[in-house]
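The primary structure of each chain is shown beneath.
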Amino acid sequence: MNKKEIRKKYKDLRSLLSPEELEEKSLAIANQLLKLAIWQKTYYHLFLSIEKQKEINTEYILQILGGKDKEIVISKSDFETGKMNHFLLTDNTKIKLNDYGIPEPIDGLEVPTSKIDVVFVPLLAFDKNGHRVGYGKGFYDRFLSECKPETIKVGLSFFAPETAIADFDERDIQLNYCVTPEEIYSF
């Protein structure tokens, strides 16, 4: 399948999830993450969930990161440049929904991509080779291409992988892991 077909399929599958299923699967993903050998790092980038898109509830992951006393980094998207600016999440961080329903920090202490050790990557779907399909704007591929080579990229998915994404290209950044409620995939 190509990216366009995959986007439609997984948006449709997500739309069928009940609020209870969404919470159960989000909690299961957070519990699976605890099995990964990634917790010795310092700076963890996490997306804040877009509720209207029925994304994984990352509140559980926030709690894990806070409990492990990690530095949590969140982003603000610049739709004019297609880039993301990254900010340290603190008790004083004010979050606001942007025009697309994405929760973002209003301002704060900016964190350079060179400091980020682990990125939890949103996606609609992924394949058995570690390629992902997002919403198609390229924000995360641009961001991940700016990260240091050893940055660990962890996709989070409600669903098992596709066999292959037919039309990925060299600008698509491959994941190191993808975590589903049932399994951890390593690439």
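(A) Examining the pattern of salt bridges more closely. Counting across every chain of the model gives 6 salt bridges. A salt bridge links Glu162 to Lys9; its shortest N-O distance comes to 2.8 Å. Within this pair, whereas Glu162 is found in the loop between β9 (152-156) and β10 (177-179), its partner Lys9 is found in helix α1 (residues 3-15), the two being separated by 153 residues in sequence. On the basis of relative accessibility, which here comes to 12%, the residue Glu162 falls in the buried class. Under the relative-accessibility criterion, Lys9 is labelled partly exposed at 32%. Note that Lys83 is salt-bridged to Glu146, the shortest N-O span being 2.8 Å. Remark: Glu146 occurs in helix α4 (residues 139-146) and Lys83 occurs in strand β3 (residues 83-88); sequence separation between them is 63 residues. The exposure class of Lys83 is partly exposed, given its relative accessible area of 41%. With a relative accessible area of 33%, Glu146 lands in the partly exposed category.

(B) View of unusual backbone geometry. Non-glycine residue Lys54 carries a positive phi angle of around 55°. The class for Lys54 is partly exposed, based on a relative accessible area of 24%.

(C) Seen up close, the pairing of strand β6 (residues 118-121). Across the two faces of β6 the burial is the same, with Val118 and Phe120 and Val119 and Val121 all buried. Across 2 bridges, strand β1 (residues 43-45) lies against β6 in parallel orientation. Bridging from a neighbouring strand, His45 pairs with Val119 of β6. Bridging between β6 and β9 involves 4 bridges; their strand directions are parallel. Bridge assignment links Val119 to a residue of β9, and that residue is Lys153.

Conventions used here
- Residues numbered from 1 in each chain as written.
- Predicted model: local features only at pLDDT ≥ 70, side-chain atom pairs only at ≥ 80, totals over all residues.
- Heavy atoms only, no water.
- Salt bridge = Lys/Arg side-chain N within 4 Å of Asp/Glu carboxyl O.
- Helix = DSSP H or I, 4+ residues; strand = E, 2+ residues; numbered from the N terminus.
- Buried < 20%, exposed > 50% of the residue type's maximum accessible area, 1.4 Å probe, protein only.
- Pairing = 2+ DSSP bridges.

Everything listed here is a matter of geometry and, on its own, says nothing about what the molecule does.
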